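Single-letter residue listing:
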Amino acid sequence: MTRRLAEVAKYVGVSEATVSRVLNGKPGISEATRTAVLTALDVLGYERPVKLRGERARLVGLVLPELQNPIFPAFAEVVAGALAQRGFTPVLCTRTEDGVSESQYVDTLLEQQVSGVIFAGGNYAQADADHEHYIRLKERGLPVVLVNAAIDGLGFPVVSADDRIAVRQAHNHLASLGHTSIGLLLGPADHVPSQRKAAEFPDLPLARTLYSMEGAQAAATRLFKQGVTGLICASDIMALGAIRGARRMGLSVPEDASVIGFDDSMFMACTDPPLTTVRQPIGDMAQTAVALLVTQVDGGEVAADEYLFDTELVVRASTRPPKKAARGA
């Protein structure tokens, strides 16, 4: 007990006597200090006193599929700042190679009595994935917000970049340069954002792969062998894999093949060549996700609608007219 008091007091920056008064429900403590002490208990892994366990912590789970794709750390940074401004502390959860799943993270977050959860790029976007943990969250009435398109029927608000607009922007750019053989490099068939992109141009050559550089390299090679000269990719990481695949075939980007990414994640202006990509408005989407979550935490009503954000084409040096068009042939 003494050790717990000391650790919590040090974490919050108050006296052990103050911590003791909070834990024993004594008066004379400000609400801000009381909340800080209870949050510290959750963060440090101590159980709350029985009489306080019915209250949710000022913690919010932020569940991401990975941190290797720079778009996810960028999103997490905005979410963390927006939550802090509202008095919440984010608990970052990312899937790991040793098999920590979304469902396991949800169990941990529920044990920590989080106030809500924001998911980005999770199982909710794949029709064939496990969705049982979302059902548990819904049954408990815990505030949840999903980022980017989800399967139907989960009943949570969704904040999404408009995949249909994004793929049209990319296609229109390549077509305006004179490309007539344009291909799509997308995620798995059950992945909702990829389904939406594919539905806009169902007759284009299409290859699917996991969201990795290695998978994209192999899939892009198949498309280039089919004669594709302009390639639209479902992520910047996939676009970089496609460029590597083109080079290993002896093709030059953009002289022999133009490549467009999706996200406009960090450093895409510094790649070789600088990547033309479709920018997700990550800042606006993250701020909206936090606002929707906090509204629910505060007892407000939020419709289980999809909030769509327009994307923006960012033209750099990975696209140019195909060789014949460039010569005016």
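All of these numbers come straight from a predicted model, not from anything done at the bench. (Residues numbered from 1 in each chain as written. Predicted model: local features only at pLDDT ≥ 70, side-chain atom pairs only at ≥ 80, totals over all residues. Heavy atoms only, no water.)

Regarding the sheet that holds strand β2 (residues 89–94)
This is how it is decided: Here a strand pair is declared whenever DSSP counts at least two bridges between the two strands. Only DSSP runs of H or I covering at least 4 residues are called helices, and only runs of E covering at least 2 are called strands; the numbering of each starts at the N terminus. Between N-to-C directions, angles span 0 to 180 degrees; the directions come from axes that are lines fitted to C-alpha atoms, helices contributing only their stretch in contact.
With parallel pairing, six strands are arranged side by side in an open sheet as β2-β1-β3-β4-β5-β11. With one partner strand each, in any of the chains shown, β2 and β11 (306–309) form the two edges of the open sheet. Averaged over all pairs of adjacent strands, the angle between strand axes in this sheet comes to 20°, irrespective of strand direction. Sheet topology places strand β3 (residues 116–120) next to strand β4 (residues 144–147); four bridges connect them, and they run parallel.

Looking at the nonpolar core
We apply this condition: In these notes, a set of buried Ala, Val, Leu, Ile, Met, Phe, Trp, Tyr and Cys residues joined through side-chain atoms within 4.5 Å is what counts as a nonpolar core. Throughout this description, buried means an accessible area under 20% of the type-specific maximum (1.4 Å probe, protein chains only), exposed means over 50%, and partly exposed covers the range between. Working rule for contacts: check all heavy atoms of both residues, and any pair within 4.5 Å makes them a contact.
With 87 residues, the main nonpolar core has Phe75, Ile118, Phe119, Tyr124, Leu146, Leu185 and Val259 as its most contacted residues. The biggest single contributor to this core is helix α11 (residues 282–297), with eight residues. With sequence-adjacent residues up to four places away left out, Phe75 is seen in contact with Leu62, Leu64, Ile118, Ala120, Val147, Ile282 and Ala286. Ala9, Val19, Leu38 and Leu41 belong to the second largest nonpolar core, which has 10 residues in total.

Topic: the packing of helix α1 (residues 2–12) against helix α2 (residues 16–23)
Short version of the rule: Angles are sorted into four bins: roughly parallel if under 35 degrees, roughly antiparallel if over 145, roughly perpendicular if 65 to 115, and oblique for all others.
For the pair α1 and α2, the least separation of the axes is 8 Å and the interaxial angle reads 110°. Accordingly, the angle class assigned to the pair α1 and α2 is roughly perpendicular. Residue-level contacts link Thr2, Arg4, Leu5, Ala6, Val8 and Ala9 of α1 to Glu16, Val19, Ser20 and Leu23 of α2.

Focus: the pairing of β2
Looking along a regular strand, one sees side chains alternate from face to face of the sheet. For clarity, the cut-off: Convention used here: a crossover is right-handed provided that the path from the first strand, over the helix, to the second strand proceeds clockwise when the strands point away from the viewer.
The pairing of strand β1 (residues 59–64) with β2 spans six bridges and is parallel. Following the sheet pairing, Leu64 is matched in β2 by Thr94. Between the parallel elements β1 and β2, the chain passes through helix α4 (residues 71–85) in a crossover that is right-handed.

As for the environment of Ile151
Assignment of secondary structure puts Ile151 in the loop between β4 and β5 (158–161). For Ile151 and Ala17, which are 134 residues apart along the polypeptide, the C-alpha to C-alpha distance reads 50 Å. Discounting chain neighbours no more than four positions away, the residues touching Ile151 are Tyr124, Ala125, Gln126, Ala127, His131 and Val192.

Digging into the packing of aromatic side chains
Filter applied, for reference: Each pair of aromatic rings taken from Phe, Tyr and Trp, with Trp reduced to its six-membered ring, is defined by centres within 6.5 Å and is described as stacked if the planes are under 30 degrees apart, edge-to-face if over 60, and tilted in the remaining cases. We call a charge positioned above a ring when the Lys NZ or Arg CZ atom is no farther than 6 Å from the ring centre and deviates by at most 35 degrees from the ring normal.
The tally for this structure, following the rule as stated, stands at two aromatic pairs. Arranged with centres 5.2 Å apart and planes meeting at 75°, the rings of Phe119 and Tyr134 form a pair that is edge-to-face. Separated by 15 residues along the polypeptide, Phe119 in strand β3 and Tyr134 in helix α6 (residues 132–140) bring together distant segments of the chain. For the pair Phe119 and Tyr134, a shared accessibility class is recorded, and that class is buried. Ring geometry for Tyr124 versus Tyr134: centroids 6.1 Å apart, planes at 75°, classification edge-to-face. On the criterion of sequence distance, the pair formed by Tyr124 in the loop between β3 and α6 and Tyr134 in helix α6 is long-range, its members being 10 residues apart. Tyr134 shares its class with Tyr124; the two are buried. What links up through ring pairs into an aromatic cluster is the set Phe119, Tyr124 and Tyr134. Across from the ring centre of Phe88, 3.9 Å away, lies the NZ or CZ of Arg58, which sits over that ring. Across the ring face of Phe262, the terminal group of Lys197 is positioned such that the distance to the ring centre comes to 4.2 Å.

Remarks on a nonpolar patch on the surface
Spelled out, the test is: Candidates for patches are residues over 30% relative accessible area with no salt bridge; among them, like charges are joined within 9 Å and nonpolar side chains (Val, Leu, Ile, Met, Phe, Trp, Tyr) within 5 Å. For accessible areas, the Shrake-Rupley method is used with a probe of radius 1.4 Å. Any residue's cover is judged against the shown protein chains and nothing else. Between Lys or Arg on one side and Asp or Glu on the other, a salt bridge is scored when a side-chain nitrogen of the former is within 4 Å of a carboxyl oxygen of the latter.
Judged by side-chain polarity, Tyr11, Val43 and Leu44 come together as a nonpolar surface patch covering roughly 250 Å² of accessible area. For Val43, a relative accessible area of 37% translates into the label partly exposed.

As for α4
Given 3.6 residues to a turn, an α-helix orients residues that are three or four positions apart in the same direction. Spelled out, the test is: Residue count minus one, scaled by 1.5 Å, sets the expected span of a helix. Working note: the arc is built from the helix axis to C-beta atom directions.
Over its 15 residues, α4 extends 22 Å from the first C-alpha to the last, a length consistent with the 21 Å expected when each residue adds 1.5 Å. Within α4 the residues assigned to the buried category are Ile71, Phe72, Phe75, Ala76, Val79, Ala82 and Leu83. Down the axis of α4, the buried side of the element spans an arc of 135°, and every buried residue falls inside it. Seen from the open side of α4, the exposed residues pointing more than 90 degrees away from its buried face are Glu77, Ala84 and Gln85. Each element contacted by the buried residues of α4 is listed here: β1, β2, β3, β4, β9 (258–263) and α11.

Thoughts on helix α7 (residues 163–177)
Worth spelling out the cut-off: Residues adjacent in sequence count toward polar contacts only when both atoms are side-chain atoms; beyond that, a polar contact is any pair of N or O atoms within 3.5 Å, and within protein one must be able to donate a hydrogen and the other to accept it.
With 15 residues, α7 extends 22 Å between its outermost C-alpha atoms, agreeing within 8% with the 21 Å of an ideal straight helix rising 1.5 Å per residue. Of all the residues in α7, the buried ones are Asp163, Ile165, Ala166, Val167, Ala170, His171, His173, Leu174 and Leu177. The opening residue of α7, the one whose side-chain oxygen lies 3.1 Å from the backbone nitrogen of Arg164, is Asp162. At the exit of α7 stands Gly178, carrying a positive phi of roughly 105°.

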